[in-house]
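In case you want the letters, here they are:
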There are 2 protein chains.
Amino acid sequence: METGRDLMEAVGERCGHCSGRSVSICNVIDDADLPALVAESSRVIVPSGRCFIEEGCAADHFYVLTGGRAKLFNLMVDGRRQIIGFAELGDFLGLASSDAYAFTAEALGDVTLCRFSHSSIERLVERFPRLRGRLQKEASSELVKMQSRLMLLGRKTARERLATFLIEQARPCCVYAEQWRNENGPMTLPLPMSRMDIADYLGLTIETVSRTFSLFKREGLISTKGASSVTLLALGNLADIANGLE
Amino acid sequence: METGRDLMEAVGERCGHCSGRSVSICNVIDDADLPALVAESSRVIVPSGRCFIEEGCAADHFYVLTGGRAKLFNLMVDGRRQIIGFAELGDFLGLASSDAYAFTAEALGDVTLCRFSHSSIERLVERFPRLRGRLQKEASSELVKMQSRLMLLGRKTARERLATFLIEQARPCCVYAEQWRNENGPMTLPLPMSRMDIADYLGLTIETVSRTFSLFKREGLISTKGASSVTLLALGNLADIANGLE
DNA sequence: CGATTGTTTGATATATATCAATAACCGTGG
DNA sequence: CCACGGTTATTGATATATATCAAACAATCG
């Protein structure tokens, strides 16, 4: 912890208190090893809307997201889409076991990435032994998150889904530093994704998402400024709704 | 591969061609090391209906399923249930990152398990280096399966969900040896889980599951003998339905 | 063999989807 | 800065897939 250093720092970005949606490797790299790490990687800048990982394509590289956010999704032949998750600062993408990517990743706004050749992972893990444990740990925490998403999609109502989503967005990583100081008061969140994205994440339609937003507004649980900024006014109540308590 | 030996064999059971729903460690143990492995483990027999892992409880042990099948699920406070998956021969259970189990595991029929202390995993991985790679690989393949479950629960119709489920059950591991020889012909599967279990796995109600079974029967896609045995008569069609092609 | 539990089928209700019309937002160019 | 056009979001009316409620039926087990 004390001697460690972020990969994010190694590639020029700072990591907050994020706990990585996918796989984060905070604090497993010693300062002395930074040059070696940087040598293995290349920086990539992806403009808004561009896909940098495509389902089914050869999984040549994996990425660490160092700026911006991305949506990860799967498609069915007829166009139905399920968003798997939203990647943020520090997340690992494209570490799938197989030789083809299992999902598509598209930049939500401009995104910066640190790219590694897929074959370099062996070298990296050998060189930075703590990295391995970290990868495992984060992979299994990712599995736990997936489990709660199954509950959300299989058993929760639209209200519960949106409340869950909003609570999820309220994690420190997603909120500006000044704002997550007083976690009890109102909390303003940016929502870089469209209503369509939220719908495809929650297994709903845009109309249902929109109506549920309006409902929450009428109930005084949230307020909005445009479609891409929410203020959570009653985190406790939202959490209760998210868990089916009211 | 050639020199390897199954953990399942080490604890007295044979592993078919299963590719492990959770985390399998087939073929990573050398014969010479078997005694050491057995020394670390203890056998457990769980009667039908008994929970051997409970969500929220201290994660002291992890298990390898060596006989029978189990259902893994999460509950909401009001009793809504989402089945995460059905564990089968060779699956690893309870390897969560945190110190509490993230789901409950209940025996579907009698189950035999090989139990390891959670603290022994470090020793095991050190002693059997190939185990580590295998664990990682299987964990990430588990993540891929989870992704397709998100699509199922978020975007598929009841028809598509049940077809997907039936196809899933038709993997070699679940079928008697004689039957998966001719993969093109009719394939008879045991369904050890109740309609309620299937419903909670697919995010539906028992009634909808039952009606969809009947529909498939009327369409000549399947036939049943009692509620716990299905014969798939048209795997291709079912696969098409599962993927939204008809 | 009856009693109990689980499954299937039927009738109806409802949450959410779909279709359709406004309304708000956003970038652009005057 | 404002007007404009296109996009995205909201709201409304209606349809529909699935849930819910209820009954008959089948399987299981003493």
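Residues numbered from 1 in each chain as written. Chains lettered and ligands numbered in written order. Predicted model: local features only at pLDDT ≥ 70, side-chain atom pairs only at ≥ 80, totals over all residues. Heavy atoms only, no water.

Close to DNA strand C lie 15 residues; Glu 207 and Thr 208 of chain A together with Arg 195, Arg 211 and Ser 214 of chain B are nearest. Near the protein, meaning within 4 Å, the atoms of DNA strand C are sugar or phosphate in a fraction of 64%, with bases accounting for the rest. A distance of 2.8 Å separates a base oxygen of DNA strand C from a polar side-chain atom of Arg 211 of chain A. One of the side-chain nitrogen or oxygen atoms of Arg 195 of chain B is found 2.7 Å away from a phosphate oxygen of DNA strand C. Of all the elements in the fold, those that place two or more residues in the surface near DNA strand C are α7 (206–218) of chain A together with α7 (206–218) of chain B. Looking at the surface near DNA strand C element by element, the count peaks at four residues for α7 of chain B. Across the surface near DNA strand C, the residue classes tally to three nonpolar, seven polar and five charged. (Near = heavy atom within 4 Å. Polar contact = N/O pair within 3.5 Å; in protein donor to acceptor, adjacent residues only side chain to side chain. Helix = DSSP H or I, 4+ residues; strand = E, 2+ residues; numbered from the N terminus. Nonpolar A, V, L, I, M, F, W, Y, C, P; charged D, E, K, R; others polar.)

What follows is about the protein's contact with DNA strand D. Taken together, 15 residues lie near DNA strand D, and Arg 195, Ser 210, Arg 211 and Ser 214 of chain A together with Thr 208 of chain B sit nearest. Atoms of DNA strand D within 4 Å of the protein: sugar and phosphate make up 64%, bases the balance. Arg 211 of chain A is positioned such that a nitrogen or oxygen atom in its side chain is 2.8 Å from a base nitrogen of DNA strand D. Only α7 of chain A together with α7 of chain B provide two or more residues apiece to the surface near DNA strand D. At four residues, the largest contribution of residues to the surface near DNA strand D is made by α7 of chain A. Its residues placed into classes, the surface near DNA strand D shows three nonpolar, seven polar and five charged.

Listed per partner, the contact involves 41 residues of chain B and 40 residues of chain A. Approximately 3300 Å² of surface area, both sides summed, lies buried where chain B meets chain A, with 64% of it carried by carbon and sulfur atoms. It is Gln 147, Leu 150 and Arg 155 of chain B that lose the most area in chain B upon contact with chain A, and together they represent 23% of the buried surface on that side. The salt bridge involving Glu 160 of chain B is made with Arg 80 of chain A; its shortest N-O contact spans 2.7 Å. For the side of chain B that touches chain A, the secondary structure elements donating two or more residues are β5 (61–75), β6 (81–87), α4 (129–155) and α6 (195–202) of chain B. Counting residues per element, the side of chain B that touches chain A draws most heavily on α4 of chain B, which supplies 17 residues. (Contact = heavy atoms within 4.5 Å. Buried area = accessible area lost by both parts, 1.4 Å probe. Salt bridge = Lys/Arg side-chain N within 4 Å of Asp/Glu carboxyl O.)

This part covers the side chain of Thr 164 of chain B. When you line up the elements, Thr 164 of chain B lands in helix α5 (residues 158–169). Among the residues examined, Thr 164 of chain B registers a relative accessible area of 15% and is labelled buried. (Buried < 20%, exposed > 50% of the residue type's maximum accessible area, 1.4 Å probe, protein only.)

Residues and elements named next belong to chain B. Inspection of the secondary structure assignment puts Arg 161 in helix α5. For the buried Arg 161, which has no salt bridge, the nearest side chain bearing the opposite charge is Glu 160, at an N-O separation of 7.0 Å. Discounting chain neighbours no more than four positions away, the residues touching Arg 161 are Leu 152, Leu 153, Lys 156, Leu 202, Gly 203 and Leu 204. (Lys, Arg positive; Asp, Glu negative; His and termini not counted.)

Let's shift gears to the sheet that holds strand β9 (residues 187–190) of chain B. Residues and elements named next belong to chain B. Here three strands make up an open sheet; going across it, the order is β9-β11-β10 and the pairing antiparallel. Each edge of the open sheet carries a strand with a single partner, namely β9 and β10 (222–224). Adjacent strand axes in the sheet meet at a mean angle of 25 degrees, parallel and antiparallel pairs treated alike. Across three bridges, β10 lies against strand β11 (residues 229–232) in antiparallel orientation. Among the inter-strand pairings, Thr 224 is bridged to a residue of β11, identified as Val 230. Its contacts with the sheet place α7 against β10 and β11, and it is angled at close to 115 degrees to β10. (Pairing = 2+ DSSP bridges. Axes fitted to C-alpha atoms, helices over the stretch in contact; angles between N-to-C directions.)

From the geometry alone we can't say anything about function, so treat these as descriptive.
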